[in-house]
Amino acid sequence: MAPSATEIEVRPIASHIKDFVVQNKDTLPLPPAARARLEKAGIDLSNGYPERPGKPLYLDDATSIRNVDREHIDAGARADKSKSALFSAAKEVIHLTAHIGTEIVGLQLKDLTDTQKDELALLIAERSVVFFRDQDLSPQDQKKLGEYFGEVEIHPQVPHVPGVPGVSVLWPALMATERKASFRQPGGASRWHTDLVHEKHPAGITHLHNDTVPTVGGDTLWASGYAAYSKLSPEFRKIIDGREAIYTSAHTYLDRNDPNAGPKHVERIHPIVRVHPATGWKALWVNRAMTKSIVGLDKGESDAILNYLYDVYESNVDIQVRFKWTPRTSALWDNRITMHNASWDYEGLEPRHGTRVTSLAEKPYFVADAPTRREALGLEDA
């Protein structure tokens, strides 16, 4: 669908896509802290906020985006294991739980050296999610850091900061204009999920910076895929090691050959246990929201195994961290070894606004003799 003359500036993210939908222009007023941050960064808000790309209409076009093999060199694999450049510059390093989550105090992300960025990538690979409060961070600086870690994902339909594609806008009040949220059905990110599992090269490090947060509630939870895998018995691990599953996109498109069939998801096949290239450790890599089925198994068999894996991943609180946001805080997590869940307990009564940059990583792979995190750290794992 071609745009009208008045909307000619709207384009899809890939030039080969000719059939697309011009999305609605938003008029929701920005929270004051978000507006101040964007204006300080020189973001042009005169044409409205956020900016929305032309949404691909058909599934084949959406699947073709970034559908190429490419090399990924993980920044964490270059790092000094001691992480001395990063740790020595910080005022404090706080491990929030035994298995997942670390807070770094006294550093500005925009000022990190390349050596410190490599060490941060390794820390994220080891601790799954790392937090930095009181950040003076523009969307442009956020994207620049993401580009250091890998190819920055530009989403084909999610809104982004005007003039800075790749910096997605996470604004629950805006999402509620498209799909009303409620206490019983909060929707959106308020479910356990992992970002962009449908990509040929799925997400590595995601960086969410929240400039505006509720005074009460709005926490985010992360769970460790390393630890979830180690919660399984050694015999059960043998059942899933080397197995693959079908992973789906969060958004949908029409089948060009059968548009009346209804919306369909992008689907790709990846291993359900993967190995992180920087640590070499095995991690469980499934999530209830976007893992469809295990390849080669009947539906009943696949559902039984996946539902058990979801329960292990979601219900063990000792392998999770729950983080209380404050304004101007950044969280950087590794989607290869985690899933996350945003609590909507504040029910939209106060504003929340942030920007997200995701760096795509390698094509997922499995190594049979790779160790678990617990084995690598000399902990009991049987």
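Higher on the page you've got the structure.
K.L.:
Please provide a residue-by-residue account of the nonpolar core, values included.
P.N.:
The biggest cluster of nonpolar side chains holds 27 residues, and the ones touching the most others in it are I240, I272, L284, V286 and L309. Those elements that place two or more of their residues in this core are strand 9 (220-224), helix 7 (225-230), helix 8 (234-240), strand 10 (244-253) and helix 9 (299-315). Among the elements that make up this core, the one with the highest residue count is helix 9 (six residues). For L309, the residues in contact, after removing those within four places along its chain, are L232, F236, I240, L284 and V286. Counting residues in hydrophobic clusters, the runner-up holds 17 residues, among them A75, L109, A121 and F132.

K.L.:
Which residues make up helix 5 (residues 139-149), and what values do they have?
P.N.:
For helix 5, the full list of buried residues reads P139, Q142, K143, L145, G146 and F149. Buried residues in helix 5, looked at end-on, bunch into an arc of 160°, giving them a common side. Along its buried surface, helix 5 packs onto helix 1 (32-40), helix 4 (114-127), strand 6 (151-152), strand 8 (203-212), strand 16 (329-334) and strand 18 (353-360).

K.L.:
I'd like a description of the sheet that holds strand 11 (residues 264-271), backed by residues and values.
P.N.:
Pairing in this open sheet of three strands is antiparallel, and the strands run 11-10-14 from one edge to the other. In this open sheet, the two edge strands, each paired with only one partner strand, are strand 11 and strand 14 (291-294). Here the average twist between neighbouring strands, direction ignored, is 25°. By the bridge criterion, seven bridges tie strand 10 to strand 11 in an arrangement that is antiparallel. Across the sheet, the residue bridging to A245 is H270, located in strand 11.

K.L.:
Tell me what's going on with the pattern of salt bridges, and back it up with residues and numbers.
P.N.:
Taken as a whole and judged by the stated rule, the model has 30 salt bridges. One salt bridge in this structure joins E151 and R70, with 2.9 Å as the shortest N-O distance. Linking E151 in strand 6 with R70 in the loop between helix 2 (59-64) and helix 3 (84-89), this pair joins segments that are 81 residues apart in sequence. Assessed through its relative accessible area of 34%, E151 is described here as partly exposed. Look at the salt bridges and you will find they share partners, linking D74, R274, D334, R336 and E362 into a network.

K.L.:
Which residues make up the pairing of strand 8, and what values do they have?
P.N.:
Of all 10 residues making up strand 8, 10 are buried, and the element is well covered by its neighbours. Sheet analysis places strand 8 next to strand 18, joined by seven bridges and oriented antiparallel. In the sheet register, T212 faces strand 18, and the bridge partner there is H353. As judged from the six bridges shared by strand 8 and strand 16, these two strands associate in the antiparallel manner. Following the sheet pairing, H209 is matched in strand 16 by S330.

K.L.:
Residues and numbers for the packing of helix 4 against helix 5, please.
P.N.:
Each packed pair of helices is defined by two parameters, the angle between the axes and the distance between the axes. Running from amino to carboxyl end, helix 4 crosses helix 5 at an angle of 70°, the nearest separation of the two axes being 11 Å. By the angle class used here, helix 4 and helix 5 are roughly perpendicular. Side by side, helix 4 and helix 5 meet where D114, K117, D118, L120 and A121 of the first sit next to L145, Y148 and F149 of the second. When grouped by side-chain class, the residues that make up the contact of helix 4 with helix 5 number five nonpolar, no polar and three charged.

Conventions we followed
- Residues numbered from 1 in each chain as written.
- Predicted model: local features only at pLDDT ≥ 70, side-chain atom pairs only at ≥ 80, totals over all residues.
- Heavy atoms only, no water.
- Core = buried A, V, L, I, M, F, W, Y, C linked by side-chain atoms within 4.5 Å.
- Buried < 20%, exposed > 50% of the residue type's maximum accessible area, 1.4 Å probe, protein only.
- Helix = DSSP H or I, 4+ residues; strand = E, 2+ residues; numbered from the N terminus.
- Contact = heavy atoms within 4.5 Å.
- Arc of directions from axis to C-beta.
- Pairing = 2+ DSSP bridges.
- Axes fitted to C-alpha atoms, helices over the stretch in contact; angles between N-to-C directions.
- Salt bridge = Lys/Arg side-chain N within 4 Å of Asp/Glu carboxyl O.
- Parallel < 35°, antiparallel > 145°, perpendicular 65-115°, else oblique.
- Nonpolar A, V, L, I, M, F, W, Y, C, P; charged D, E, K, R; others polar.

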